[in-house]
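# Results of the structural survey
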Amino acid sequence: MIIVTGATGKLGRRVVERLLERVPADRVGVSVRDPRKAQDLADRGVRVRQGSFDDPDSLVHAFEGAEQLLLVSLDRAGEECVAGHRTAIDAAVKAGVGRILYTSQMGASHDSHFQSCRDHARTEDLLRATGLPWTALRNGFYTSSALQFLEAARHTGDIALPADGPVTWTGHDDLAEATAVILTDEGRFEGPTPPLTGTATLDFATVAGIAAKVTGRPFTRTVVPDDAFREQMLAHGAPESLADLLLSIFAAARSGEFTAVDPTLAQLIGREPASFGALLERAWAEESPARGTAS
Ligand SMILES: NC(=O)c1ccc[n+]([C@@H]2O[C@H](COP(=O)([O-])OP(=O)(O)OC[C@H]3O[C@@H](n4cnc5c(N)ncnc54)[C@H](OP(=O)(O)O)[C@@H]3O)[C@@H](O)[C@H]2O)c1
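Below or above, wherever it landed, is the structure these notes cover. Keep in mind that this is a model prediction, so the values were computed, not measured. (Residues numbered from 1 in each chain as written. Predicted model: local features only at pLDDT ≥ 70, side-chain atom pairs only at ≥ 80, totals over all residues. Heavy atoms only, no water.)

## Here we look at the side chain of T197
Checked against the element boundaries, T197 lands in the loop between β10 (191–192) and α9 (204–215). The exposure class assigned to T197 is buried, which follows from its relative accessible area of 1%. There is a polar contact of 3.0 Å between the side chain of T197 and the backbone nitrogen of D262. If sequence neighbours within four positions are ignored, T197 has contacts with M106, G140, T168, T170, A260, V261, D262, L265 and P273. (Helix = DSSP H or I, 4+ residues; strand = E, 2+ residues; numbered from the N terminus. Buried < 20%, exposed > 50% of the residue type's maximum accessible area, 1.4 Å probe, protein only. Polar contact = N/O pair within 3.5 Å; in protein donor to acceptor, adjacent residues only side chain to side chain. Contact = heavy atoms within 4.5 Å.)

## Some details on the site of the ligand
Of all residues adjacent to the ligand, which total 22 residues, the nearest are T8, L11, S73, L74 and Y142. The contact in question runs from an oxygen atom of the ligand to an N or O atom on the side chain of T8, over 2.6 Å. L74 places a main-chain nitrogen or oxygen 2.8 Å from an oxygen atom of the ligand. Looking at the shell around the ligand, the elements that each hand over two or more residues are α1 (10–20) and β7 (141–142). Each residue belonging to the shell around the ligand can be placed in one class, and the counts come to six nonpolar, 10 polar and six charged. (Near = heavy atom within 4 Å. Nonpolar A, V, L, I, M, F, W, Y, C, P; charged D, E, K, R; others polar.)

## Comments concerning empty space enclosed by the protein
With the rule as written, the count across this model stands at two cavities of 30 Å³ or more. Taken as a whole, the largest cavity spans an internal volume of roughly 50 Å³. Surrounding the largest cavity, W169, G198, T199, A200, L202, A274, S275 and F276 form its lining. Here the lining of the largest cavity is composed, by residue class, of five nonpolar, three polar and no charged. Its boundaries defined by the atoms lining it, the second largest cavity holds a volume of some 40 Å³. Top element by residues in the lining of the second largest cavity is helix α11 (residues 240–254). It accounts for three residues. When the residues that make up the lining of the second largest cavity are grouped by side-chain class, the tally is seven nonpolar, one polar and one charged. (1 Å grid on protein atoms, 1.4 Å probe; cavity = no way out; pocket = protein on both sides within 12 Å on 5 of 7 lines; lining within 4 Å. Points joined across faces, edges and corners; volume = space filled by probe spheres on them.)

Given below as structure tokens:
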């Protein structure tokens, strides 16, 4: 069986859908916090078990019989994140899982400026130490993260963000499909994969041009000093930890940590990954149909 955690989240859900196109439903299982959110999967023959990263016994039960386990990284940062991953990895060992695949990220490194990339590096160390076969999917930076940064600009027309650097933004759908391909061709990658990326590295000045082309409206790029950005976030009620986490992304981008462009993702899915412009156009059209205009 192939067991997927985080299967009610954005990436995990897409992976399960792509898996169900490739293997019979009775070979797929999910480990989810809230099984009610996965009822439709149960109806289609997927094994649904409750599993929380805060409850080791639930994970051992949810991982039972897994030849492969896709461990979708937690939406947490720092020690809290790594501790959750440690719990899941220990549970996987206890459950006798054959191989663990883990959603790492391009730029994962102990020296990264970005907290999450340091968390991924620590988690990869934990995987290495199990002695089990393992694969770290070095996923490109989500395009959806860029779209979150652009949310205000979408309305104001000004991309007012800290100084950045080029990033190879990558779409959830392409990453999910590549993950399903790797899961159904077991052993294709040992340890970290090459960076699984889109085809273009873009800074926000370039993104302004793409947004203008997609919407037919002008977009400008204003560099906000880090301190001012932090103050703005705190004034809007964001916790300091979140402000620092986001600033660490800009620091990492300025250092060129997310500039890799690699053909592996395209090779896995058998086509060019979706472009940033196409994903931006789709997301903005879906969220406000009246606003969407084709380029
Ligand atoms: N590569 C990148 O650029 C990038 C960017 C941002 C994040 N990430 C990482 O990629 C992961 C997956 O992305 P995504 O878009 O699918 O995020 P997402 O939609 O927020 O999914 C996170 C999943 O984790 C599950 N989860 C959280 N806490 C849990 C717990 N204690 N026990 C069990 N499950 C728990 C959530 O369960 P529920 O469905 O019940 O909420 C959800 O299914 C993120 O969590 C983050 O680690 C990567």
